[in-house]
Amino acid sequence: MKSVVKIRNVVIGEGMPKICAPLVGKNLVELLEEASYLKELPLDLVEWRVDFYEYLLDIEKVKTVLQEIRKILSHIPIIFTFRSLKEGGQKGVSTEYYVQLNKEIIRTKLVDIVDIELFNEKQHIEDMVSIAEENGVAIILSTHDFEKTPPKEEMIEKFQRAVSLGAHIFKLAVMPNSTKDVINLLDATRIMNECYNNIPIITMAMGKRGLISRISGEVFGSAITFGAGKEASAPGQVSVEELRKIIDAIHKYSS
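Looking up the protein chain in an unreviewed UniProt entry gives the name 3-dehydroquinate dehydratase, with the organism given as Clostridium punense. Heading Pathway (unreviewed entry) of the UniProt record for the protein chain holds this comment: "Metabolic intermediate biosynthesis; chorismate biosynthesis; chorismate from D-erythrose 4-phosphate and phosphoenolpyruvate: step 3/7."

The structure is reproduced here in structure tokens:
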């Protein structure tokens, strides 16, 4: 039986795909302005991409900013994400700091979900998952490829590895170089959703060619889609307002 992840008033893994928008401000002023803007949008979750933040190497400042963001987004689930350079992020840090940062943020209980990159060592991932479960925080295990779309079998293998490491949600983002790549991503999503049926999954093909993957989650099984708030955080994101209209229409006419 497929599990769902319940975060505040949001259930991930059933019903319409949930819409998430990024916080990508570089400083406290920008982040609070952005949070206030996002609060008024028809979204379900917010992702703080902390790799955009200028003082990300100061964990105490990160915590202070997070406290202020939480005050504004009091009822909206927050995903905390440090995206590494290797996976398309803004900055690189040591493995030791990456693990320390995520563990300390989990322990604040100010966020609902933490995104951990799947390429990390097994022991580090299991330690972070364990601490998250102790503190009532869900873990996304994610993998991103900004150059290509891996073979379907490889995408499914990544999903299986994430499940084996204790992920509560799996995320896969790829870059399609052909229409066939998009079809393969969508079919891999279908297989993960229908044949394994373990945990909620998030998949997307980036860029203009992959736009269909961002709006077809209810058909193929992707549980969250990412839209642009004030700023986009990845290629191919459309505005939250447009995304909401499209997803509502797909739900209306396919249910």
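Here we take up the pattern of salt bridges. With the rule as written, the count across this model stands at 15 salt bridges. Here aspartate 187 ties to arginine 190 by a salt bridge, and the two come within 2.7 Å at their closest N and O atoms. Of the two residues, aspartate 187 and arginine 190 are both situated in helix H6 (residues 179-196); the distance of three residues between them amounts to about one turn of the helix. The salt bridge partner of aspartate 248 is arginine 244, with a shortest N-O separation of 3.9 Å. Note that aspartate 248 and arginine 244 are positioned in helix H9 (residues 240-254) at a spacing of four residues, about one turn of the helix. Relative accessible area serves as the criterion here: at 33%, aspartate 248 is assigned to the partly exposed category.

Right, let's talk about the sheet that holds strand E10 (residues 224-226) for a bit. Think of a sheet as strands paired side by side through backbone hydrogen bonds, with each pair either parallel or antiparallel. Here eight strands make up an open sheet; going across it, the order is E9-E8-E7-E6-E5-E4-E3-E10 and the pairing parallel. Edge positions in the open sheet fall to strand E9 (201-205) and E10, since each of these has one partner strand only. For this sheet, the mean angle separating the axes of adjacent strands, direction not counted, is 25°. Pairing between strand E6 (residues 113-117) and strand E7 (residues 138-145): five bridges, direction parallel. Counterpart to isoleucine 116 in the pairing with E7 is leucine 141. Across the sheet, helix H3 (residues 95-108) touches strand E5 (78-81), E6 and E7, and the angle it forms with E6 is around 165°.

Let's shift gears to the UniProt feature "active site" (unreviewed entry) in the protein chain. Under the UniProt annotation, the feature "active site" (unreviewed entry) is placed at His144 and Lys171. A maximum C-alpha distance of 8.3 Å is found for the annotated residues, which run over 28 residues; spatially they form one tight group. Cross-referencing the annotated residues with the lining of the largest pocket gives His144. For histidine 144, the location among the structural elements is in strand E7. In this structure histidine 144 comes out as buried when scored by relative accessible area, which is 11%. In terms of polar contacts, histidine 144 uses its side chain to reach the side chain of arginine 83, at 3.5 Å. Structurally, the position occupied by lysine 171 is in strand E8 (residues 169-174). If near-sequence neighbours (up to four positions away) are discounted, lysine 171 is found in contact with Arg83, Asp115, Ile140, Leu141, Ser142, Thr143, His144, Ile202, Met204 and Phe226.

Cut-off values and rules
- Residues numbered from 1 in each chain as written.
- Predicted model: local features only at pLDDT ≥ 70, side-chain atom pairs only at ≥ 80, totals over all residues.
- Heavy atoms only, no water.
- UniProt positions renumbered as here; feature names shortened; annotations may be inferred.
- Salt bridge = Lys/Arg side-chain N within 4 Å of Asp/Glu carboxyl O.
- Helix = DSSP H or I, 4+ residues; strand = E, 2+ residues; numbered from the N terminus.
- Buried < 20%, exposed > 50% of the residue type's maximum accessible area, 1.4 Å probe, protein only.
- Pairing = 2+ DSSP bridges.
- Axes fitted to C-alpha atoms, helices over the stretch in contact; angles between N-to-C directions.
- Contact = heavy atoms within 4.5 Å.
- 1 Å grid on protein atoms, 1.4 Å probe; cavity = no way out; pocket = protein on both sides within 12 Å on 5 of 7 lines; lining within 4 Å.
- Polar contact = N/O pair within 3.5 Å; in protein donor to acceptor, adjacent residues only side chain to side chain.

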